[in-house]
Amino acid sequence: MTFRLRVYNLLETNTRSGKLVNGAIMFLIIVNILAIIMESVDSVGTYYEKVFWLFELFSIAIFTVEYALRVWSSVESPDYQNKFTGRLRFMLTPMALVDFIAIVPFYLSMFFGFDARFLRVVRLLRIFKLSRHLKALDILTTVVRNEAGSLVAAIFILGVMVVLSAGGIYVAERGSQVETFSSIPAAMWWAIVTLSTVGYGDVVPGSVAGKLFGVLVMVIGVGMAALPAGIIASGFSSELQRRRDTFKLKVTQALQDGVITAKEQHELEEIGEELGLQETETETLQQAAALQEGNASMQTHQTCPHCGKSLTC
């Protein structure tokens, strides 16, 4: 095994040492986010300015080395075997871009003058590095990508409703509240907070017609605001079921010879982790698949291989 392959296995596989390394990186990301939050408190940021700066240097060094090693060892993957184009394609993957964005603001600040508050907010984007280590976020990303068409349609409908609601309240209130509802764009603030059921109360209709129209918009908003959440919830459930079915299929294939070897068991555990399934869940699915396979085998042995009739009395 070459050194590059060892590095690849350490960063990209679910071996014991790989879990340890990725766990340490995940811990560093969480501490980074907490440090950025605490640094925004003026009294804390000023008093511990040197400590925060040294920790930032340490974090940048670790994240830079991690990014460089991932790019360098990516050619060990079957998907990126070409030394130049393979690495380039890996660098353009979503996770690699997130790793790049996590470190590039620091290096840019060395050549360009950026507002410290702007850099602090940009550094918060490091939280997206957790999506590499938390499978639940990976599932959510997959759901959003799969349901992109439905979500765009829902957002479009919400946009249409905002425009219509702003137009309706403008017509109803322009006579009594000239400054508040002076135009349709000005009325859009009321339309957005009403349709989203937030209702800040800073802008409210005063006329009878405006109040009646507001009630209608609020009722519609209850359903419209829940539409994107319902799409994501339904997609999340479907994606989990698809992953469970995929795992059960792998178990069934492993049981074709009647037994699951130690190697096959290890592969099934890795597949379960890649699919984001919990250990208890994979055990339950494995038992269910084994039971189903056993019942199918028993049914096969109780029928005649020639005519297919039952051999039981």
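Attention in this report is confined to the structure presented alongside it. (Residues numbered from 1 in each chain as written. Predicted model: local features only at pLDDT ≥ 70, side-chain atom pairs only at ≥ 80, totals over all residues. Heavy atoms only, no water.)

What follows concerns helix α10 (residues 184-195). With 12 residues, α10 extends 15 Å between its outermost C-alpha atoms, agreeing within 8% with the 16 Å of an ideal straight helix rising 1.5 Å per residue. Among the structural elements, α9 (148-173) and α11 (208-254) are those in contact with the buried residues of α10. One or two positions beyond α10, positive phi appears at T197, with a value near 60 degrees. (Helix = DSSP H or I, 4+ residues; strand = E, 2+ residues; numbered from the N terminus. Expected span 1.5 Å × (residues − 1). Contact = heavy atoms within 4.5 Å.)

Okay, helix α4 (residues 49-73) next. For α4, with 25 residues, the first-to-last C-alpha span of 36 Å sits near the 36 Å given by 1.5 Å per residue. For α4, the full list of buried residues reads F52, E56, S59, I60, F63, E66, Y67, R70, V71 and S73. (Buried < 20%, exposed > 50% of the residue type's maximum accessible area, 1.4 Å probe, protein only.)

Bringing the pattern of salt bridges into the picture now. Enumeration according to the criterion identifies five salt bridges in this entry. Put simply, E239 and R242 hold a salt bridge, and the shortest N to O gap is 2.7 Å. Taken together, the positions of E239 and R242, both in helix α11 and three residues apart, correspond to about one turn of that helix. Judged by its relative accessible area of 5%, E239 falls in the buried class. Between R243 and E239 there is a salt bridge; the shortest N-O distance is 2.8 Å. Here R243 pairs with E239, and both are found in helix α11, just four residues apart, close to one helical turn. Classification of R243 by relative accessible area gives buried; the value is 4%. (Salt bridge = Lys/Arg side-chain N within 4 Å of Asp/Glu carboxyl O.)

Relative orientation of the contacting elements α9 and α11 amounts to 170 degrees, with a least axis distance of 10 Å. Here α11 runs roughly antiparallel to α9, going by the angle between their axes. Of α11, the residues touching α9 (which contributes S150, L151, A154, I157, L158, M161, L164, S165, G168, I169, A172 and E173) are A209, G210, F213, V217, I220, M224, A225, L227, P228, I231 and I232. Per-class residue counts for the contact of α9 with α11 are 18 nonpolar, four polar and one charged. (Axes fitted to C-alpha atoms, helices over the stretch in contact; angles between N-to-C directions. Parallel < 35°, antiparallel > 145°, perpendicular 65-115°, else oblique. Nonpolar A, V, L, I, M, F, W, Y, C, P; charged D, E, K, R; others polar.)

Running from N to C, α10 and α11 point in directions that differ by 55 degrees, and their axes come no closer than 8 Å. Judged by the angle between their axes, α10 and α11 are oblique. Here W190, T194 and L195 of α10 lie close against α11, whose contacting residues are F213, G214, V217, M218, G221 and A225. When its residues are assigned to classes, the contact of α10 with α11 shows six nonpolar, three polar and no charged.

None of this, on its own, says anything about what the molecule does.
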